[in-house]
Structure formats: structure tokens, C-alpha cells
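# Secondary and tertiary structure notes
Chain by chain, the residues:
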Amino acid sequence: MKKKKDVLKNLGGLSFIPLLIFLLLYIGSGLYFTNKGVDSAFSQFPRHVALLIGIGIALIMNRGVCFDTKVEVFSENAGNKGVMLIGLIYLLAGGFQGAARSMGGVDSVVNLGLTFIPAQLLVPGVFMISCFISTAIGTSMGTIAAMAPIAIGVASKTDMNLAIACAAVIGGAYFGDNLSIISDTTISATQGVGAEMRDKFKMNLLIALPAAIVAMVLYGIMGDAAEISGDLEYSLIKILPYILVLITALSGVNVAGVLFIGIIMTGIIGFATGSVTFIEWIQAIGGGMEGMMSITIIAILISGLIGLIKYYGGIEWLIEKITSRIKDRKGAEYGIAFLSGVLSISLVNNTLAIIISAPIAKEIGFTYHIAPKRLASLLDIFACAFLAMCPHDGGMLIVTGLAGVSPIEVLKYSFYLFALIVFTVVTIQFGLLRTKEEKAADN
């Protein structure tokens, strides 16, 4: 029997219906269960299921195209080498984090920082240590989970302002989430737009470091003095894997190779110090990888769905609509930043926001000659900063729940997040941090 010829219809903006349905199901159910007072509201309707429904709708659209062809388009995009690399790095990053935690690396990083915080500089010290921890371990939630009980406990005992202590922890946690080479947001942003990890790190650091300095000064002026007590035992050798991973990644070594080396080093140090057995180490690696399975699957499914949307003419339509309102590179950068930030707030997930917006940002960046490292930086900064200020973000819920303060009170002292946005907007508005190639293209 002769196979029917595909008749592809350009659906334009209608191509995005499956993605919008996914967002409505996921966000709508989350808001509904939040209003009902249900714990883990955004987990009640699994995002995988919501996304699968969107994909199902995408596959039945464009009736002139054979179903087999649409499945093939989805599969080719879901399984392209870029997505597979992202998945591999996610899993390796999770394995490294789990292995490092099992041999006492996280505790050593936290305690090392807390040991050297002067009593009169507790708040800026908490912020700085949160920055250090989050950059080392690559997760804002992990940093908040480690630091929030300590900072809030000290603040409660010494009649310190609880809100400012919470804000210092959150700001520092997202400093590293935005910078760390093992952060899932950094991995998603760099791989999504084709940027080098070290280039994106340097670009972000030029913006994040001044913002952090401003925050530390303000915390020093407005913070109260207090002293941290208790068992703060640490081991410098257990911090080495984090330092090695950072140095080798910045020197240009492939990130996958860097994480493999980091995982092996955690085992060597853990066995040598007797802090972990072989089986415990293996189980910790497996547990860390399992923790990243969800976002890996999401990345694969989103990539396949975006591939179908592009096949139906959606990406081309969106770029045309955006570029018709964008007059120059400045407008393009604002558009990319806004897209990433709004998606992050809507999804309550900065990584997922970056995964969705990266392909669109890459196309816009090509049109307006924006370097990949700049695209990655904008995506990551706004996805992290916007989410960190949301009352319904996981980190905000943790600190406000522990401290018993309102998110509004915490936001009043979120100096780093506001400074980060301001500094980034300044670079957009005045065309700062451009490469020679970008300047040449503009001329």
C-alpha cells in the first residue's frame, strides 16, 4: 500500500497550544492546591503527566501529517546529542553532589565558613558563606536547607532581625545557583544556547560579583551582631573535590569529564578518611543521580515538544512576532530576559524555564548577533532572580516557614537579588560586556 504524502500546514502561533496546555495544567493545578492549603501543591499534578498531555495534543495536531512522521520529529529532537549531553551532565552533577555529601563534603563546606564569621558581621557573613556553599554544591535548595536552620536559630537566640537573616541566606543561595558549573540552571543555559561553561561563568561573575559586594555592604550596615556556637568541625581535605571541579571546569576541561573526576575524588577521600564505605559511596552516587532523573526526563520531553512546535512553524512565527517589536539588540536582550523570568515565576522552576526559553533565545541571539555566553547569562540571571523573589518559591517557603516571617518582610532585605537585576539591566541598557565580534556585527 502506498504511503500517504505528508501535507504540512504552517500553524504559526497555534503551534504553541500544547505548550500552553502543559503550563496551564501544571501552574493551574499548583495554584489550586496552594489555595486549598495542600502541602507540596505543585507536585499534586505531576509535571511529567501535564507535559505528556501537551505532547499528546501536539501529536494529533496538523492532521495532514502522518502520525508516524510526527513521532519521528518528536523523537529526533528529544534524542538529539545536545539534549543527551544535558542529561548526562545532570546525572553526573547529581552523582557528584550525592557522593560529596556522603563523605562529609557539604558539612565541611558549611562549617568552614561559619567558623570564620566575626560576631559583628554575622549577616554579611551568612550571605558570604551561603554564596560559597551554593557555588560549591550547585544547588540553592541544598544551600538553604543547610544554612537556614543555623542562621534562623542564631537570629532567634540573639533577638536579631529574622527577615534579614532569611534574605541573606536566600540571596547567597541563588548567587551560587546562578554561577556554579554543577548547577542545573547553568548546565541548561550553556548547553541550551551552545555556550562554553567558563565563558558563561566569567560573564556572570562580572555582573554577580558587584551585586554581591553591594549586598554585603548593606548587610554590614543594617545587620546586627551575634555569635555562632556549637560543633563546627570541618576537614579541608573533604572540600578538595569542590575546588578541583571548579578549577578544572574553568580551565576548559569538558564538564562531563570534570564531574567524573570529582566523583572519583570523593571516593578516594572518603575511603582514605574512613568517612564512607564503598557501598555507601555507590549508593550516594545512585541517590544523587535519581534526584536528577526528573529534570532529565523533563528536558528530553520538552526538547521533543519544542521540536514539534518548530516543525509546525511555531518558533519561526514567535521570532517574527518578537523581532517585529524589537528594534535593536537591546530590545532582544530585554525580551530574552523577560521570557526567562516570567516562565520561571510561572513554572516555579528556574531550570524548566531555561530549558523552554533557551531554543527561542538561541534563535533570537543568532538574528541579533548576541554571543552564546551572553544569552546563557541572561537566561540564568533572570530565571534565578525572579524565582528567588516569589512568595511561592521552595526556598522562600522554607525560610519563612522556619522563621515565621512573611515573604514581604524577607523581600525588603533581598539586596543581592535587586542589585543583580539592576546591574544586569545596566549592562543591557548601555550595551556593556560585548565581545569584539558583537561590536563588529553592530557596526
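The shown structure was predicted, so the numbers you read here are calculated from the model rather than taken from an experiment. (Residues numbered from 1 in each chain as written. Predicted model: local features only at pLDDT ≥ 70, side-chain atom pairs only at ≥ 80, totals over all residues. Heavy atoms only, no water.)

With that settled, the discussion passes to the packing of aromatic side chains. What the rule picks out here adds up to 14 aromatic pairs. Both rings, one in Phe127 and one in Tyr416, keep their centres 5.7 Å apart while their planes meet at 50 degrees; by these two values the pair is tilted. Taken together, the residues Phe127 in helix H6 (residues 122–137) and Tyr416 in helix H20 (residues 415–429) connect sequence positions 289 residues apart. This pair shows no difference in class: Phe127 is buried, exactly as Tyr416 is. Both rings, one in Phe271 and one in Phe278, keep their centres 6.2 Å apart while their planes meet at 45 degrees; by these two values the pair is tilted. (Phe/Tyr/Trp six-rings, centres within 6.5 Å; stacked < 30°, edge-to-face > 60°. Helix = DSSP H or I, 4+ residues; strand = E, 2+ residues; numbered from the N terminus. Buried < 20%, exposed > 50% of the residue type's maximum accessible area, 1.4 Å probe, protein only.)

Right, let's talk about the packing of H6 against helix H8 (residues 162–179) for a bit. Closest axis-to-axis distance for the H6/H8 pair is 7 Å, and the angle between their directions is 30 degrees. Between H6 and H8, the interaxial angle falls into the category roughly parallel. When the axes of H6 and H8 are compared, the crossing they make is right-handed. Between H6 and H8, the residues in contact are Val123, Val126, Phe127, Ser130, Cys131, Ser134 and Thr135 and Ile164, Ala168, Val169, Gly171, Gly172, Ala173, Phe175, Gly176 and Asp177, respectively. A breakdown of the residues in the contact of H6 with H8 according to their chemical character gives nine nonpolar, six polar and one charged. (Axes fitted to C-alpha atoms, helices over the stretch in contact; angles between N-to-C directions. Parallel < 35°, antiparallel > 145°, perpendicular 65-115°, else oblique. Left-handed = near helix turned anticlockwise from the far one by under 90°. Contact = heavy atoms within 4.5 Å. Nonpolar A, V, L, I, M, F, W, Y, C, P; charged D, E, K, R; others polar.)

Along the chain, Ala41 falls in the loop between helix H1 (17–35) and helix H2 (47–60). A sequence separation of 10 residues divides Ala41 from Leu31, and the C-alpha atoms of the two residues are 7.3 Å apart. Not counting residues within four places of it along the chain, the set of residues in contact with Ala41 comprises Ser29, Gly30, Phe33 and Thr34.

Looking now at the confidence of the model for the protein. In this model, the protein carries an average pLDDT of 84, and 92% of its residues clear a pLDDT of 70 or more. For the protein, helix H21 (residues 436–442) is the element with the lowest average pLDDT, namely 73, and H20 is the one with the highest, namely 96. (pLDDT = per-residue confidence, 0-100.)

A word on the environment of Lys310. When you line up the elements, Lys310 lands in helix H13 (residues 278–311). On a C-alpha basis, the gap between Lys310 and Gly12 in space is 9.3 Å, while along the polypeptide they are 298 residues apart. Contacts of Lys310, omitting those with residues within four sequence positions, involve Ile315 and Glu363.

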